[in-house]
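Analysis of the macromolecular model
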Amino acid sequence: TKQKLWGGRFTGKTDPLYVFSEVHVSTSEYSSSMHAFNQSLHYDKRMYAADVRGSIAYAKSLTLVGILNRDEEGKIVSGLQAVEKEWRDGNFQIKEDDEDIHTANERRLSELIGPLAGKLHTGRSRNDQVATDMRIWLLDECKSLENDLKALIRVLVGRADSERDYLMPGYTHLQRGQPIRWSHLLLSYALSFKNDLDRLRQVIPRISVLPLGSGALAGNPFSVDREFLARELGFESVAENSLWGVADRDFIAEFMMWSSLVMTHMSKMAEDLIIYSTAEFGFITLSDAYSTGSSIMPQKKNPDSLELLRGKSGRLFGNMAGFLMTLKGLPSTYNKDLQEDKEPLFDSVDNLSACLKIAEGVVSTLEVHTDKMLAALTMDVLATDLADYLVRKGIPFRETHHVSGRAVALAEARHCQINELTLADFQTLHKEFSEDVFSVFDFEASVERRQAIGGPSRKMLERQINRLRHELQ
Ligand code: ARG
C-alpha cells in the first residue's frame, strides 16, 4: 500500500533523507531530498476541485465506452465527491507519498472505494490530467478577475461622473501642459482597464481548450468521446493534437503577459496618484485605510497601498519572464519542467486579484482637493490656447506658437502671469491681437473648446462615460 502510483518500474526508493511534514517544505529543506524536490502537492492542492471535476467527467466518458459500468461509475463519482469534501472541510489527510494533487486524490479514492479506483486512470495520464486541471482552475479564476476588473472600472467611471467640475493641469514630462478635467484623467485609466477586459475575453478561448483524452502523449486508445468531455467540463473546444495537448502552456504564458499589461496600467495610475498625494502637489489624500505610518517619523502618512500596486507590477512581469525561460528550450510533449508553471501562475493570479481589489478601494476612498488643483493651474498652461486664438484669426500655427512663446517670455521677464500683460503688450507681439484676447484666459472655456472626440469637454466626458458603462453591462 506504501507504493508510489508510478512505482511499478522502480525498485529503489527515492532519497529518504527528507522527513515529511504537513507543514510546507521551505526552499532550504527542498533540495535536501529528491522526494521533496519532486513534490508539488503543497502548492497544487489548491486545484483539488478542478482535479475532481476532471476525474468525474473522465469516469463518465469511460462508462460511455464500456470500461466502467453504471454501478462502477456511481461508486467512483461518489468516492471522488467524498474526496473533494474532505479537502473542502480541511479533513484531507496528506500522506508522505502523495506527490501531487493527482496522486493524492487517486490514493485517497482507492482507500475509500478499493481497487475499483484503479480503473479511473485507464487511458489517462497525469500529463493530460494536469493540463486539464490547470485550464479548469484558470478559467474559474478568470471569471473572478473579470469581476474585479469591472469593479475597478466602475469605481473610476463613477468618480469621473460625479467629479466632472474639477479642473486640473494635465502633464507631459511631468511638466504642466494644458488644463484638463480630473474626470478625464480617471477615464483614461478606465479605458486602459477596459481594453484589458477585452483582452482577457480574447485570451479565454485559448485557455478553454480541452487536453483531456490526449493521454501521455499519443492520444486515447479507448475512443473516449472528447467532445462529450469538453461539454461536461465547459470547455469551448478540444485540443486537436495530443502532443500539443499535453505540452501546451502558452495559455499560461499568455495569461501572464495579460496580467503584466494590466499591472503596467496599475503601476502608471499608482505612480500618478503617489505624486498627486505629495504635500508638494496636494491634489489628493489617500484614506487612512490605504495608508501607513512611519515607525520613526510620527507625521508620516505613506501611500503604501499605491507603492505596492506599482511594485507588484515588477513581480508579475518577473513571473511571466521567468516562466518563458522555463518554456524556452523544452523538447516536445510533457517534461517535468512544466510543473514549474504553477507557482508563478498562482502568484500572478493571487497578486493581480489583490491589486485590483486594493486599487478599487484606494480609488473609491481617496479625497480630492480641488483648491490645490486650481492653484496649480497657472495661466501659462493656456499658452497653446493663446496661439490657437491667433490661428482663429487666420495666422499659421507655426507663427502663432512663436508669438505665444514670446508672450510667455515677456510675462516671465515682468514676473507676472500672461493674462496680466496689457493689450498694448500683446499688440507689440502681433497686430491681430484685440480686446477679446483676454477671453482666452479661462480654464473652463479652454477645456470646453475641446469638443472633438476624445477631448475633456463635458460633452466628450459624457460620451466616454456612456461608452464605458455600456461595455460594463
Ligand atoms: N505534478 C505534475 C505537474 O504538475 C503532474 C504531471 C506529472 N506527470 C509526469 N509524467 N510526471 O506537471
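Residues numbered from 1 in each chain as written. Predicted model: local features only at pLDDT ≥ 70, side-chain atom pairs only at ≥ 80, totals over all residues.

Just so we agree on the cut-off: UniProt positions are given in the numbering used here, feature names are shortened, and annotations may be inferred rather than shown by experiment.
As recorded in an unreviewed UniProt entry, the chain goes by Argininosuccinate lyase and comes from Gymnopilus dilepis. On record in UniProt, under Pathway (unreviewed entry), the comment for the chain is "Amino-acid biosynthesis; L-arginine biosynthesis; L-arginine from L-ornithine and carbamoyl phosphate: step 3/3." Quoted straight from UniProt, the Catalytic activity (unreviewed entry) entry for the chain says "2-(N(omega)-L-arginino)succinate = fumarate + L-arginine".

1. Quick look at the overall build of the chain
Just so we agree on the cut-off: Here a strand is any run of E in DSSP of at least two residues, a helix any run of H or I of at least four, and the numbering for each starts at the N terminus. To get the radius of gyration, use the C-alpha atoms; to get the globule rule, take the number of residues to the power 0.38 and multiply by 2.2 Å. Partly exposed residues are those whose C-beta has more than 12 but fewer than 20 other C-beta atoms within 10 Å; 20 or more makes a residue buried and 12 or fewer makes it exposed, with C-beta atoms placed from the backbone.
Check the secondary structure of the chain and you find 19 helices and 6 strands. Since a compact globule built from 473 residues should have a radius of gyration of about 23 Å, the 31 Å found for the chain marks it as more spread out than a globular shape. Projected onto its principal axes, the C-alpha positions of the chain cover 100 × 55 × 40 Å. Counting every position in the chain, which comprises 473 residues, the buried fraction comes to 36%.

2. Some details on the packing of helix α4 (residues 48-64) against helix α5 (residues 70-88)
Definition in use: Axes, fitted as lines to C-alpha atoms, cover a helix only where it is in contact. Angles between the N-to-C directions of the axes lie from 0 to 180 degrees. Should an angle fall under 35 degrees it is taken as roughly parallel, and over 145 as roughly antiparallel, whereas 65 to 115 is taken as roughly perpendicular and any remaining angle as oblique. We call two residues in contact whenever the C-beta atoms placed from their backbones are within 7 Å. The classification used treats Ala, Val, Leu, Ile, Met, Phe, Trp, Tyr, Cys and Pro as nonpolar, Asp, Glu, Lys and Arg as charged, and all other residues, Gly among them, as polar.
At a closest axis distance of 10 Å, the pairing of α4 and α5 adopts a crossing angle of 180 degrees. As far as their axial angle goes, α5 and α4 are roughly antiparallel. Here Tyr-48, Ala-49, Val-52, Ser-55, Ile-56, Ala-59, Lys-60 and Thr-63 of α4 lie close against α5, whose contacting residues are Arg-70, Glu-73, Ile-76, Val-77, Leu-80, Val-83, Glu-84 and Trp-87. For the contact of α4 with α5, the class distribution of residues is 10 nonpolar, 2 polar and 4 charged.

3. Section: the pairing of strand β2 (residues 175-181)
Applicable threshold: What makes two strands pair is DSSP finding at least two bridges between them.
Two elements, strand β1 (residues 167-172) and β2, share 6 bridges in a ladder whose sense is antiparallel. Note on β2: the bridge partner recorded for Met-168 is Ile-180.

4. Brief notes about the site of the ligand
Our working definition: In this analysis a residue is considered near a molecule or strand if the C-beta atom, reconstructed from its backbone, is found within 6 Å of that molecule or strand.
Around the ligand sit Ser-40, Asp-44, Asp-100, His-102, Arg-126, Asn-127, Val-130, Tyr-334, Lys-336, Leu-338 and Gln-339, and those are all the residues in its vicinity. When residues of the shell around the ligand are assigned to their parent elements, the largest contribution, 3 residues, is made by helix α7 (residues 126-162). Of the residues assigned to the shell around the ligand, the class counts are 3 nonpolar, 4 polar and 4 charged.

5. Quick word on the nonpolar core
In globular proteins that are soluble, nonpolar side chains generally tend to be buried together. Using the following cut-off: Note on definitions: a nonpolar core is a set of buried residues drawn from Ala, Val, Leu, Ile, Met, Phe, Trp, Tyr and Cys, linked by C-beta atoms within 7 Å.
The biggest cluster of nonpolar side chains holds 92 residues, and the ones touching the most others in it are Leu-156 and Ala-190. The leading source of residues in this core is α7, at 13 residues. The next biggest cluster of nonpolar side chains, apart from the first, holds 12 residues, and it includes Val-381, Leu-382, Tyr-389 and Ala-407.

6. What about helix α16 (residues 397-413)?
Here is the rule: By this rule, a helix spans an expected 1.5 Å times one less than how many residues it contains. The arc under discussion is defined with respect to the helix axis, by the directions toward the C-beta atoms.
Under the 1.5 Å per step criterion, the end-to-end length of α16 is 24 Å for 17 residues, consistent within 8% with the ideal 24 Å. All buried positions along α16 are accounted for by Thr-400, Ser-404 and Ala-407. Buried residues in α16, looked at end-on, bunch into an arc of 50 degrees, giving them a common side. Every exposed residue of α16 that faces more than 90 degrees away from the buried side is listed here: Arg-398, Arg-406, Ala-409, Glu-412 and Ala-413. Packing partners of the buried residues in α16 comprise α15 (383-391) and α17 (423-429). Where α16 terminates, the next one or two residues include His-415, which has phi positive at roughly 55 degrees.

7. Thoughts on the environment of Ala-117
Secondary-structure assignment places Ala-117 in the loop between α6 (101-113) and α7. In this structure Ala-117 comes out as buried when scored by C-beta crowding, with 21 C-beta atoms within 10 Å. As a C-alpha pair, Ala-117 and His-265 span 148 residues in sequence and 48 Å in three-dimensional space. Not counting residues up to four positions away in its chain, the partners in contact with Ala-117 are Ile-76, Gly-79, Glu-106, Leu-109 and Ser-110.

8. Notes on helix α13 (residues 342-365)
Given a rise of 1.5 Å per residue, 24 residues ought to cover 34 Å, and the 35 Å separating the end C-alpha atoms of α13 matches this to within 8%. Lys-342, Pro-344, Leu-345, Ser-348, Val-349, Leu-352, Cys-355, Leu-356, Ala-359, Val-362 and Val-363 are the residues of α13 that are buried. Tucked into the core, α13 has its buried residues touching α3 (41-44), α7, α11 (250-276) and α12 (304-327).

9. Some remarks on the confidence of the model for the chain
Predicted coordinates in regions of low pLDDT should not be interpreted in detail. Stated formally: The predictor reports its confidence for every residue as pLDDT, a score running from 0 up to 100.
When pLDDT is averaged along the chain, the result is 94, and 94% of the positions lie at 70 or above. Of the regions scoring below 50 in pLDDT, residues 17-25 engages in 13 contacts with residues more than four places distant in sequence or in other chains. Overall fold confidence for the complex sits at a pTM of 0.92, while the interface term, ipTM, reaches 0.98.

10. Looking at the packing of α4 against α7
Worth spelling out the cut-off: Helix crossings get a hand from a simple test, with the near helix turned counterclockwise from the far one by less than a right angle marking a left-handed crossing and a clockwise turn marking a right-handed one.
At a minimum axis distance of 9 Å, the contact between α4 and α7 shows a crossing angle of 120 degrees. The angle between α4 and α7 places the two elements in the oblique class. Judged by the sense of rotation from one axis to the other, the crossing of α4 with α7 is right-handed. Across from Ala-50, Asp-51, Arg-53 and Gly-54 in α4, the residues of α7 making contact are Gln-129, Thr-132, Asp-133, Ile-136 and Trp-137. Partitioning the contact of α4 with α7 into residue classes produces 3 nonpolar, 3 polar and 3 charged.

11. With respect to unusual backbone geometry
A positive phi angle, near 60 degrees, is found at Leu-174, a position not held by glycine. Along the chain, the position of Leu-174 falls in the loop between β1 and β2. Backbone geometry at Ser-223 places phi at a positive 55 degrees, although glycine is not the residue there. As for its position among the elements, Ser-223 is in the loop between β3 (209-210) and α9 (226-233). The partly exposed category is assigned to Ser-223, around which 13 C-beta atoms lie within 10 Å.

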